[in-house]
Amino acid sequence: MDSFTYVNIFETKGLEYLLLLCFWGLFVYLLKYLSTPDKKRKDSKR
Amino acid sequence: MDRRNFLKTSLVVGGTALTCKNARAQEQHNPDEFVGILVDTTRCIGCRACEIACGETWGMHVPDVLNDGALETHRNTDENQFTVVNKFETEKGDVFVKKQCMHCYQAACATACPTEAMKQMQGGPVVWRGNKCIGCRFCMVSCPFDMPKFEYDEWNPKLQKCTMCFERLEKGQKPACVAACPTDALMFGPRLKNLEVARHRIYSHPDEYEHHIYGEHEVGGTGYIYLSAVPFDQIGFRTDLGKRPYPEYTKEFLYAVPMILFGVPAFLLGLNALADSSRSGPESEFSLEFDIDNEGDK
Amino acid sequence: MNNNVAINASFGNLFRFFIQELKPRGPWLTPFNIISIPVILVGLGILVYRFIHGLGSVTNLSQETPWGLWMGFDVVTGVALAGGAYVITFVVYVVGLDKYHGIVRATVLNGLLAYCFYGGALLIDLGRPWNAPNPYIGNSFGFSSVLFLICWHFLLYMVCEFVEFSPVIAEWLHLEKAKRFLKKLTLATVVLGITLSILHQSGLGALFLMAKPKIHPLWWSEFIPILFFVSSIYAGLSMIIFEGTVSHKVFSHLIPEKHHHHFDDIVFGLAKGAAITMFVYYFFKALLFIHDKQWDLIADGWGLWYLLEVIGFVLVPALMFAFGFKHRSLRIIKIAAVMALIGIILNRLNVSVIAFNWYSVAHYVPTWQEIVVTFMVIFSELWVFRWFVTRLPVFDSGH
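Q: Explain the packing of aromatic side chains here, please?
A: How two aromatic rings sit relative to each other is set out by the distance from centre to centre and by the angle between their planes. Counted according to the given criterion, the structure contains 44 aromatic pairs over all chains. Considering the side-chain rings of Trp-155 of chain B and Trp-130 of chain C, the 5.6 Å spacing of their centres and the 45° angle between planes classify their relative orientation as tilted. With one member in each of two chains, Trp-155 of chain B in the loop between strand S6 (149-150) and strand S7 (159-160) and Trp-130 of chain C in the loop between helix H6 (104-125) and helix H7 (134-137) form a pair that bridges those chains. Here the guanidinium or amino end of Arg-244 of chain B rests over the ring plane of Tyr-249 of chain B, the centre of that ring lying 4.6 Å away. If you follow Arg-50 of chain C out to its NZ or CZ, it ends over the ring of Phe-51 of chain C, 3.9 Å from the centre.

If you want it as structure tokens, here you go:
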């Protein structure tokens, strides 16, 4: 039998936004990391 | 269309609509109204007359109910049997539960079928039509009750499941299992009436029934509804299926399909025009033509 | 010399030309042939048996597990791995990055053949394949069905890819006029092809939306379509790296010297794309994990299996791609590509087979026949691919 109690369906929203902040931080770092390939290694290989 | 004609037409249409409405109000039985079967497990004595009637009606496996000892195990319906009765030992004694296709009112199998082979007929029964079926078994994947059964050992396999005796209903007869039931554990009728009866039984015997009608809200409502003396998870029912009709799980996706077909090509062509003009500089004109050998020529 | 015959095309000559081209070139008894020929023959035998005695005679499918390896690997996984074609045509024809032009032909051919064979694998899994035209010819359109959508998209997308590839065929036959005309269709078919790909890559995920109560909650989500679409992007990129690497080894005599160096450059670009896509995909997974509060579920074996897939075969290869790009290491990128592909295979099989009916006692395990037929599909695709690249100007644009 169902009962009528309050269920917060947005309970995890705060955590989700924290994850979003993490993502943006790491993503910007990743893009910066990828934007400058290691030129020295490349030249020595060729 | 000129104004006079328009007025005339709207008067006629309006008038027809009014008459229709009146006619519907007077009608005793609406053929679109869903029918269904109420299974009262407290009344079932496990005689399995329904299994026999079903097998005989459809020319399928007719069990030898006196000698096969089938109640000792929990069986499932299969490609040779549309319905089975199982025995569950509970705190309130043995409970017998008939099992078959639930005939959901928003049927996942019918929604899943790419050829409308599984189809919801007028009044609610879901039936399978062999001339359409391609045998993809997507109905089996989608059915929350695992009811469509596939003949894996046939070169020309059929999908087998209870049809709520659709042919008999069309002739004005009751489903074979209902007609065979000696204890009125099965009751056939309009779903609204079945629900009223079910509620009445619960309210007039509040201690004998679980205050829950299985199938009233499960998966959006089913044709078969069940009453029980013990919680439904003790007698083989899944209670985690939710109240949302299963077709709604794919509704948003299917809704988005034309959206994407409108939007994405336009977006891609726009992006292409932008990329094209920025790449080739002002001297070249806009062109849709591409040279697959660009690179080779350079 | 073959080509002159074709141009002067009297029908008989054209026929002779095709016969000529069908003959094998090169040695017969290569290791690949020795393995693949028996597998294909046995597979065909199994298929004959299956069409006489029913699906149950060669597969372990059951009433609870209606889709097994043929659907889960050949169709659901195979199509994801063929995603490279739409990604590369997007990059080359829509965005106009000429750097990747050299791999367009091979990738589109791969995509086309993958759809023919893996989409075709759907037919051997159908119980009543003679009714297969039904969704197309109009006597029974199941508009409400996701599979109906996928059926149509497979067909339309195959047409698109064929048109995209057709200039190469025209070039092979030295039909210059036809080639010029067909090239004009390229952009239109590319745009349509990308749109269709978005829809059927996600549609393959949408197939499992209604199977909610049967799939382990770690793998079911209402966002499966988006997950499938995003992961098909990096599946395609990884597959191009993998397949290109193998092609450059096996067909090195067909590939001009300058392309070899050029291909390394392309691989670095693809690795960067894959790293970013996988990173985003990983966070999609993390978001769903948090939203559905799934931390209770990761303690048992299923949880570990899930973590292995999401961390071991998504996050780790993503970082390896990034590292390989940064430090110009082809080796790391190639290992990452293989790991990403394993991750895709795991994910698709988890959703469609492994975590499907996870609570069931008698869990589905494919029979040897199902595995042989799966390899038959893969090997026959490779045969046709080999036939095309050794005859048509796929790797070299011919001029």
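Moving on, there is more to tell.
Q: Help me understand the interface of chain C and chain A, please; the structure alone is not making it clear to me.
A: Contact residues are listed per partner, giving 23 residues for chain C and 21 residues for chain A. Here chain C and chain A share an interface that buries about 2100 Å² over both sides, 69% of which is from carbon and sulfur atoms. By the criterion of area lost to chain A, the three top residues of chain C are Phe-283, Lys-326 and Arg-328 of chain C, representing 30% of everything that side buries. Scanning the region where chain C abuts chain A turns up one salt bridge. The closest approach of N and O atoms between Glu-11 of chain A and Lys-293 of chain C, which form a salt bridge, is 2.7 Å. Every element with two or more residues in the side of chain C that touches chain A is listed here: helix H12 (257-291) and helix H13 (301-326) of chain C. Looking at which element gives the most residues to the side of chain C that touches chain A, the answer is H12 of chain C, with 13 residues.

Q: Looking at this structure, I do not really get a nonpolar patch on the surface. What am I missing?
A: Residue and element names in this part refer to chain C. Together, Phe-242, Val-246, Val-250, Val-338 and Ile-342 give the surface a local cluster of nonpolar side chains, amounting to about 370 Å² of exposed area. Sorting the residues of the nonpolar patch by element identifies helix H11 (224-250) and helix H14 (330-354) as the ones contributing at least two each. Broken down by element, the nonpolar patch gets its largest block of residues, three residues, from H11. Residue position: Ile-342 is located in helix H14.

Q: Looking at this structure, how should I read the environment of Ala-49 of chain B?
A: Mapping Ala-49 of chain B onto the fold places it in helix H2 (residues 49-58). It is 20 Å that separates the C-alpha atoms of Ala-49 of chain B and Gln-160 of chain B, two residues lying 111 residues apart in sequence.

Q: For this particular structure, what's the right way to read the confidence of the model for chain B?
A: As a general rule, the predicted coordinates of low-pLDDT regions are not to be interpreted in detail. Residue and element names in this part refer to chain B. Mean pLDDT over chain B: 85, with 84% of residues reaching 70 or higher. Across chain B, element-level confidence peaks in strand S9 (residues 224-227) with a mean pLDDT of 96 and bottoms out in helix H9 (residues 294-297) with 39. Note on residues 9-21: pLDDT under 50 across the span, and one contact to partners over four residues away in sequence or across chains. Scored below 50 in pLDDT, residues 281-298 makes 32 contacts in the model with residues more than four places away or belonging to other chains. Scored as a complex, the prediction yields pTM 0.88 and ipTM 0.88.

Q: Please explain the interface of chain C and chain B as it appears in this structure.
A: The figure often quoted for interface size is the accessible area lost as the parts come together. On the chain B side, the residues contacting the 72 residues of chain C number 64 residues. When chain C packs against chain B, close to 6100 Å² is buried across both sides, 61% of that on carbon and sulfur atoms. Of all residues in chain C, the largest losses of buried area upon contact with chain B belong to Gln-63, Arg-128 and Met-210 of chain C, amounting jointly to 15% of the total for that side. For the interface between chain C and chain B, the tally reads two salt bridges. Per element, the largest residue contribution to the side of chain C that touches chain B is nine residues, and it comes from helix H10 (residues 186-206) of chain C. Across the side of chain C that touches chain B, the residue classes break down as 36 nonpolar, 25 polar and 11 charged.

Q: Help me out: how do you make sense of the pattern of salt bridges in this one?
A: Opposite charge on two side chains permits them to pair, given that their charged atoms come into close proximity. All names here are of chain B. What the rule picks out here adds up to 16 salt bridges over all chains. Taking the shortest distance from any N to any O, the salt bridge between Arg-244 and Glu-248 comes out at 3.6 Å. Exposure remark for Glu-248: the relative accessible area of 32% places this residue in the partly exposed category. Through salt bridges with shared partners, one network takes in Arg-48, Glu-51, Asp-68 and Arg-75.

Q: Looking at this model, I keep getting lost on the confidence of the model for chain A. Mind explaining?
A: On average, residues of chain A carry a pLDDT of 80, and 74% of them reach 70 or more. The model gives residues 42-46 of chain A a pLDDT under 50, and that stretch makes seven contacts with residues more than four places away or in other chains.

Q: Even after reading the chapter, I still don't get the side chain of Glu-370 of chain C, so can you show me in this structure?
A: Relative to the assigned elements, Glu-370 of chain C resides in helix H15 (residues 368-391). Of the buried charged residues, Glu-370 of chain C lacks a salt bridge, with Arg-137 of chain B as the closest side chain of opposite charge at 7.8 Å. Within the structure, the side chain of Glu-370 of chain C is placed 3.0 Å from the backbone nitrogen of Asn-60 of chain C, a separation counted as a polar contact. Setting aside residues no more than four positions away along its own chain, Glu-370 of chain C makes contact with Val-58, Thr-59, Asn-60, Gly-68, Leu-69, Trp-70 and Tyr-364 of chain C.

Q: Please explain the packing of H12 of chain C against H13 of chain C as it appears in this structure.
A: The description of two helices packed together rests on the angle between their axes and the distance between the axes. Residue and element names in this part refer to chain C. The interhelical angle for the contact between H12 and H13, taken along N-to-C directions, is 150°, at an axis separation of 8 Å. When the axis of H12 is compared with that of H13, the two are roughly antiparallel. Like other packed secondary-structure pairs, H12 and H13 cross with a definite hand, here left-handed. Broken down by class, the residue content of the contact of H12 with H13 amounts to 20 nonpolar, one polar and three charged.

Q: Explain H6 of chain C to me, please; I cannot follow it from the model alone.
A: An α-helix turns once every 3.6 residues. As a result, residues three or four positions apart point the same way. Between its first and last C-alpha atoms H6 of chain C spans 31 Å; for 22 residues at 1.5 Å apiece the expected length is 32 Å, and the two agree. In terms of burial, H6 of chain C is a largely internal element, 18 of the 22 residues being buried.

Q: Please clarify how the pairing of strand S1 (residues 35-40) of chain B should be interpreted in this entry.
A: Residues in a regular strand project their side chains so that they alternate between the two faces of the sheet. Residue and element names in this part refer to chain B. Among the six residues that make up S1, six are buried, leaving the element largely enclosed by the rest of the structure. Burial of the side chains of S1 extends over both faces: Val-35, Ile-37 and Val-39 are buried on one face and Gly-36, Leu-38 and Asp-40 on the other. Judged from the five bridges that link them, S1 and strand S8 (residues 186-190) form a sheet pairing that is antiparallel. When the sheet's bridge partners are listed, Leu-38 is paired in S8 with Met-187.

Q: What should I look at first to understand the packing of helix H8 (residues 146-172) of chain C against helix H9 (residues 176-184) of chain C in this one?
A: Residues and elements named next belong to chain C. At a minimum axis distance of 8 Å, the contact between H8 and H9 shows a crossing angle of 175°. Classified by the angle their axes make, H8 and H9 are roughly antiparallel. Within the contact between the two elements, H8 uses Ser-166, Pro-167, Ala-170 and Glu-171 and H9 uses Ala-178, Lys-179, Leu-182 and Lys-183. Residue composition of the contact of H8 with H9, grouped by class: four nonpolar, one polar and three charged.

Q: I would appreciate a short explanation of the sheet that holds S1 of chain B in the present structure.
A: Strand pairing in a sheet is mediated by backbone hydrogen bonds. Such pairs are either parallel or antiparallel. All names here are of chain B. Taken in spatial order, the three strands of this open sheet run S8-S1-S9, and their pairing is mixed. A strand with exactly one partner marks an edge of an open sheet, and here the two such strands are S8 and S9. Along the sheet, successive strands turn relative to each other by an average axial angle of 25°, direction set aside. As paired elements, S1 and S9 share four bridges and run parallel to each other. Considered in S9, the bridge of Leu-38 is made with Ile-225.

Reading the values: rules and limits
- Residues numbered from 1 in each chain as written.
- Chains lettered and ligands numbered in written order.
- Predicted model: local features only at pLDDT ≥ 70, side-chain atom pairs only at ≥ 80, totals over all residues.
- Heavy atoms only, no water.
- Phe/Tyr/Trp six-rings, centres within 6.5 Å; stacked < 30°, edge-to-face > 60°.
- Helix = DSSP H or I, 4+ residues; strand = E, 2+ residues; numbered from the N terminus.
- Lys NZ or Arg CZ within 6 Å of the ring centre and 35° of its normal.
- Contact = heavy atoms within 4.5 Å.
- Buried area = accessible area lost by both parts, 1.4 Å probe.
- Salt bridge = Lys/Arg side-chain N within 4 Å of Asp/Glu carboxyl O.
- Patch = residues over 30% accessible without salt bridge, like charges linked within 9 Å, V, L, I, M, F, W, Y side chains within 5 Å.
- Areas by Shrake-Rupley, 256 points an atom, 1.4 Å probe, with all protein chains shown as cover.
- pLDDT = per-residue confidence, 0-100.
- Nonpolar A, V, L, I, M, F, W, Y, C, P; charged D, E, K, R; others polar.
- Buried < 20%, exposed > 50% of the residue type's maximum accessible area, 1.4 Å probe, protein only.
- Lys, Arg positive; Asp, Glu negative; His and termini not counted.
- Polar contact = N/O pair within 3.5 Å; in protein donor to acceptor, adjacent residues only side chain to side chain.
- Axes fitted to C-alpha atoms, helices over the stretch in contact; angles between N-to-C directions.
- Parallel < 35°, antiparallel > 145°, perpendicular 65-115°, else oblique.
- Left-handed = near helix turned anticlockwise from the far one by under 90°.
- Expected span 1.5 Å × (residues − 1).
- Pairing = 2+ DSSP bridges.

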